[in-house]
Each structure stands twice: as C-alpha cells, then as structure tokens.
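What follows is the residue order along each chain.
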Amino acid sequence: MSRRAGAKHPETDINEQAMEKIPFPFDNSYARLPERFYARQNPTAVPAPRLIRLNRGLASDIGLDPDALESHEGAEIFAGNRVPEGALPIAMAYAGHQFGHWVPELGDGRAVLLGELIDLHGERRDIQLKGAGRTAFSRHGDGRAALGPVLREYIVSEAMAALGVPTTRALAIATTGEEIRRETMLPGAILTRVARSHIRIGTFQYFAARGDIAALTQLADYAIARHYPHAREAENPYRAFLDAVIERQAGLIAKWVLVGFIHGVMNTDNMSIAGETIDYGPCAFMDHYHPGTVFSSIDHRGRYAYGNQPPVAQWNLACLARTLLPLLDADDEAANEEAETAVARFPALFETAWIRGMREKLGLEDAHPADMTLAQDFLNAMAENKTDFTLAFRRLSDLKNGETGDDAPFHALFEHPGAIDDWLKQWRIRLSQEGRCETNRNQAMHRVNPAYIPRNHLIEEAIDAAGQDDFQAFEELTAVLSNPFEAQSVGHKYGNPPRPDQIVHETFCGT
Ligand code: AMP
Ligand code: MG
C-alpha cells in the first residue's frame, strides 16, 4: 500500500513510535575513499516535506521497515530535512562526454548519497536523494528536481525492474512544498534512488583526465571488489574488469532494445559500471517500431536514437577502456591492444544477447542460422506498417501453431495486414520444426512479451493529474506496470497504444 495524495498528510500521523529513530544500518564504503572522490554535503532542508509514495516492497528488500518509514520522520528523511543516523552524505565527483563533448567536471549537482545498506540478498545498495539541493558540483543549477520528472523516473525505473531489466530503483517520492523555476514554476520533489552503485564511466574519466593514477587504481580496485570480485583472481584483473563491464553492458542494451526502451541521454556520465540502467531523463518506450525513433527534445541529431544504442554503448565503453590504459599494461602498445581487443568484442556480445532474447520473444527454443533473418524480417514489416512493437509480440504469443483464422487482432496491427502473411507462414514453418507444444509456447511467450509498458501518453496523463494533486492515475499506472506480463482486468486502457490525439512526440529531461 502506498500513501496517496489527498489522503492524510504525514504530519497528521505522528505517533510516539514513529517518532523513534528509524534505523538505517548504513555501511558507507564510498565515503571511506579519499576526499577527492566526493564532496561532503548534507541535503538542504525544504519547507514542507510530504511523502507521496513509498515503495514498500523495495524498502523491505533493503532491510528497512516500511511502516516506520510511512511517518512524519520518514517524510523528513526522504525530503532531506533529517539525516538518518549512520549516514555520511556526499556528492560524488565525475566527468563525462555529453553528446560526444568532453566535460571534465560534472558530479552530483543535485543528488546526495546518504550511504549504503546491505540488502536481504547480501548486496550493497546506495541510497541517494535526487533533488536534495545544491552541492559543490551544481554549477548554475538549483540542485532541485520537479515533481514531473521525479514521477517519470519512479514509473519507468520500477516498470523496467518488473520487466526484468537491470536498473536503479525508486524507493520514495517526497514533495518539498517549494516551487522551482524551470520554464514555468513547478512543484519541487525528491526521488530516493537505490542503486548497486553510482559509479559511472564518467567517474573513471574524472580521474584519468587528471592523470591521477593512484585514484584511478583505487577506483578500479573498489569497483572490482564491489561488482566484479572474480576479476581479482584473473591474470590481468583490470582487463577482466573491463571485459566484465562490457559483457554486462552488452546484455543490458540488448534488454533495452528487446523491450523497445530508448534511454535518450546515453552520455558517459549516465552509464553505470554495475550495468544498471541509470538516469531516467527524457527516456521513452517506442509505440510503433522504427529504429530511428528519438523522443528527447535535446537529441537533435538522433545520436541516442533507438537503433543507435548498441554502437553508442560501444563508443562509451571505448571511453572507459581508454581510462584504464595505464592499468592494463605498463607498455603503451600492449595496453592499447588489450583495450581494443576488449571493446571489439561488444558487437558480438550484443548480438548474442539480442538474438537469444529475440528467439524467446518469437517462441523459439532451438537456435537456427536463419533466425536472424526471421527476426529482422518481422521488424522490417513492423517498421513499414507502423506496427506497435509491444502489441505485435504480445498478440503473436496468442496465435496458434497452425493457421486458424484467429489472426485478426494480430493482423490489425499492420497498416497493410497482408504485408505480414508471408512472414507468418515462415514463422509457422519454423515452429513446426520444434517439438514444443502450443500451450507451452504461448505461455513462455507471455512471460517475455509484456502486455504493459510505460507508454508516454500514460506517463504524461499521470504527471498532469499529479500536478493537480491527484495521484490516482499514478497509483493505477504503477500498479499495472508492476505486473507487466499478466493480463489485468483494469489494464485495457493501459495496454493500448495512444490514439492519434494522445501521441507524445517529444520528451524532456526537465533538469
Ligand atoms: P543529467 O542530465 O541529469 O545526467 O545531469 C547532468 C549533470 O548536470 C550532472 O552533473 C547533474 O548533477 C547536473 N544537474 C542536472 N540538473 C541539475 C540541477 N537542477 N541542479 C544542479 N545540477 C544539475
Ligand atoms: Mg546524469
């Protein structure tokens, strides 16, 4: 259950128990690194903390008590007005390439890492407040976040988690009672983000650009210990580390592409070393399939278009590899060779992960050399017919192995329904070559082809209503998206693509 706006305000729920200190068993390893890795920074207090949403399941997962957090004290913690005991708040230093342009210092300009908790699975998780006020890295920014982008990050990151895509998570949303200045005045909010870590490619770039080899080595050793402990045993641990990051990133981007996700701002400062999707700004899911799809209002050249994501990820990983050169080998030429060989593996790793996922989406168990063509032909037909990507796979899941005349709902997704007939024949021939029973195949496809994704028009509708202090649409949408593979009775509206008048053409970072 979550707190709804319009329901009682947290301030009125104060009871004696809730006033006791809520335990956060922090163990802050990043803050034990040298001072030049971060700036110590407490969140800046806000006038009127109000807890809009607590992710109770996630709270339990990371060993926190959801009931205790749904209190006045919880609201104060998530708004940054009270620093829980054991926290050691810092803003992390990093650099990055933004749209290909080098920026030597970015850093957490509006985020504060409270500390780290060990979750119920023994994994270390960062707890970060995003929108918590100015820091040493704020430059001209106000350090704040508006409610709209905070809701967007909550909806999309939690949907990604439910879709099985590695991602940072959203623990809570608090509003601040403050208006912030963007193009207009907007309500301020803070997102509490949970991540395996906030180390980015840009964190490595920050130290490499300064020629600070000691810090670089320490950062690499830290990242290895935290995320890739097996690399320590390798003959060349830094090469093993680079390989492992590249493998995880290839798997991650394949998952994005397989659900129709467009990150929108794949700058190197927004790429996590742990392989999670991070920094949900102008991100969006495609409705109808087209590889050139771009939503971000700032991506004028389509650098981060849907179909460009794999090569851009490889470009980013080449940036990471470059920072590691001094660690890869004492000899420059040998180091270059290690880096190049590692990065060159990306396309094959991506393709292997992608075709494996695509086979599952198409209901195929065995691997055939012609699968790539079968998949590509399906996508081409979708692109030519403005076919909804998500529904095409979902409705394909329902089809029988043989032709039955029940294909109408699937056909209806294609502008020229006949355009998919030949392909369907090929697909059925391919199915007949496998021993799998039809029901089994239908069910397996339903488990990988979602009925619901966070469609742009639904997100905007939820954000618009929240601007009027009505969180019903947000509540409903997050509830449906928490179970995206299961057909839901309330889900009709949520499963459909936008009507022409509902189509969203552009998304914004809102920073
Ligand atoms: P992003 O586009 O969210 O990845 O942010 C890029 C950089 O700008 C990061 O260093 C952020 O910390 C910083 N930044 C974004 N928004 C703000 C803001 N409102 N105030 C201060 N810094 C910000
Ligand atoms: Mg960022």
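This one's a predicted model, so the numbers in the text were calculated from it and none came from an experiment.

Here we come to the overall build of the protein. On a plain count of helices and strands, the protein comes out with 19 helices and twelve strands. The C-alpha atoms of the protein give 23 Å as radius of gyration, which agrees with the globular expectation for 511 residues (24 Å, within 12%). When its C-alpha atoms are laid out on the principal axes, the protein stretches across 65 × 65 × 40 Å. Long-range contacts, defined as pairs at least 24 residues apart, comprise 73% of the intrachain contacts of the protein with a sequence gap of at least 6.

N270 (OD1) and D279 (OD) make up the full set of protein donors to the magnesium ion (ligand 2), lying at 1.8 to 2.1 Å. Accessibility assignment for this pair places N270 and D279 in one class, buried.

Remark: helix 7 (residues 213-227) packs on helix 9 (residues 309-328), axes separated minimally by 10 Å, with the N-to-C direction vectors making an angle of 100 degrees. In terms of orientation, helix 7 lies roughly perpendicular with respect to helix 9. Every residue of helix 9 that contacts helix 7 at I213, L216, T217 and A220 is listed here: T323, P326 and L327. Tallied by class, the residues present in the contact of helix 7 with helix 9 amount to five nonpolar, two polar and no charged.

Turning next to the nonpolar core. Judged by nonpolar contacts, the single largest core of 128 residues is most densely connected at Y30, F204, L362 and F378. F378 has contacts with L362, A392, F393, L396, F410, F414, I420 and W423, leaving out every residue within four places of it along the chain. With 27 residues, the next largest nonpolar core counts F26, L58, A79 and A172 among its residues.

Now for helix 5 (residues 147-162). Relative to the 22 Å expected for 16 residues at 1.5 Å per residue, helix 5 spans 22 Å between its end C-alpha atoms, a close match to the ideal helical length. In terms of burial, helix 5 is a largely internal element, 13 of the 16 residues being buried.

Before going further, it helps to examine the site of ligand 1. Residues in close proximity to ligand 1 total 18 residues, the closest being G107, G109, R139, D142 and G143. G143 has a polar backbone atom sitting 2.9 Å from a nitrogen atom of ligand 1. For the shell around ligand 1, the residue count by class is two nonpolar, eight polar and eight charged.

Turning next to helix 17 (residues 456-467). Taking 1.5 Å of rise per residue, the twelve residues of helix 17 would be expected to cover 16 Å, and the 16 Å separating its terminal C-alpha atoms lies within 8% of that figure. Those residues of helix 17 lying buried are N456, H457, L458, I459, A462, A465 and A466. Each element contacted by the buried residues of helix 17 is listed here: helix 5, strand 12 (284-285), helix 18 (472-481) and helix 19 (492-495). Trailing helix 17 by a residue or two, D469 shows a phi angle of about 65 degrees, which is positive.

Close approach of charged atoms lets side chains of opposite charge pair. Applying the stated criterion to the full structure yields 40 salt bridges. One salt bridge connects D67 with R56, and the closest N-O pair in it is separated by 2.8 Å. You can see D67 sitting in helix 3 (residues 66-69) and its partner R56 sitting in helix 2 (residues 56-61), a full eleven residues away along the chain. We classify R56 as partly exposed; its relative accessible area is 23%. The residue R455 makes a salt bridge to D287 at a minimum N-O spacing of 2.7 Å. On the criterion of sequence distance, the pair formed by R455 in the loop between helix 16 (438-448) and helix 17 and D287 in the loop between strand 12 and helix 9 is long-range, its members being 168 residues apart. The pair R455 / D287 is uniform in exposure class, with both members buried. What you see here is one network of salt bridges that share partners, running through D27, R32, E116, R124, D126 and R226.

Let's shift gears to the domain arrangement of the protein. Each domain of the protein was delimited in the assignment, giving domain 1 (30-199), domain 2 (202-354) and domain 3 (364-435). Its C-alpha centre places domain 2 at a distance of 33 Å from the equivalent point of domain 3. Taken residue by residue, the interface counts 13 residues in domain 2 and ten residues in domain 3. Here domain 2 packs against domain 3, burying approximately 880 Å² in sum over the two surfaces, 71% of which is carbon and sulfur. Where domain 2 packs against domain 3, one counts zero salt bridges.

It is at 8 Å that the axes of helix 6 (residues 201-209) and helix 7 come closest, and there the two elements cross at 160 degrees. The angle between helix 6 and helix 7 falls in the class roughly antiparallel. Here the hand of the crossing between helix 6 and helix 7 comes out left-handed. On helix 7, the residues touching T203, F204, F207 and A208 of helix 6 are A215, L216, L219, A220 and A223.

Cut-offs used in this document
- Residues numbered from 1 in each chain as written.
- Chains lettered and ligands numbered in written order.
- Predicted model: local features only at pLDDT ≥ 70, side-chain atom pairs only at ≥ 80, totals over all residues.
- Heavy atoms only, no water.
- Helix = DSSP H or I, 4+ residues; strand = E, 2+ residues; numbered from the N terminus.
- Rg over C-alpha atoms; globule rule 2.2 N^0.38 Å.
- Contact = heavy atoms within 4.5 Å.
- Donors = N, O, S within 2.8 Å, 3.2 Å for Na, K, Ca; no water.
- Buried < 20%, exposed > 50% of the residue type's maximum accessible area, 1.4 Å probe, protein only.
- Axes fitted to C-alpha atoms, helices over the stretch in contact; angles between N-to-C directions.
- Parallel < 35°, antiparallel > 145°, perpendicular 65-115°, else oblique.
- Nonpolar A, V, L, I, M, F, W, Y, C, P; charged D, E, K, R; others polar.
- Core = buried A, V, L, I, M, F, W, Y, C linked by side-chain atoms within 4.5 Å.
- Expected span 1.5 Å × (residues − 1).
- Near = heavy atom within 4 Å.
- Polar contact = N/O pair within 3.5 Å; in protein donor to acceptor, adjacent residues only side chain to side chain.
- Salt bridge = Lys/Arg side-chain N within 4 Å of Asp/Glu carboxyl O.
- Domains from an automatic or database assignment.
- Buried area = accessible area lost by both parts, 1.4 Å probe.
- Left-handed = near helix turned anticlockwise from the far one by under 90°.

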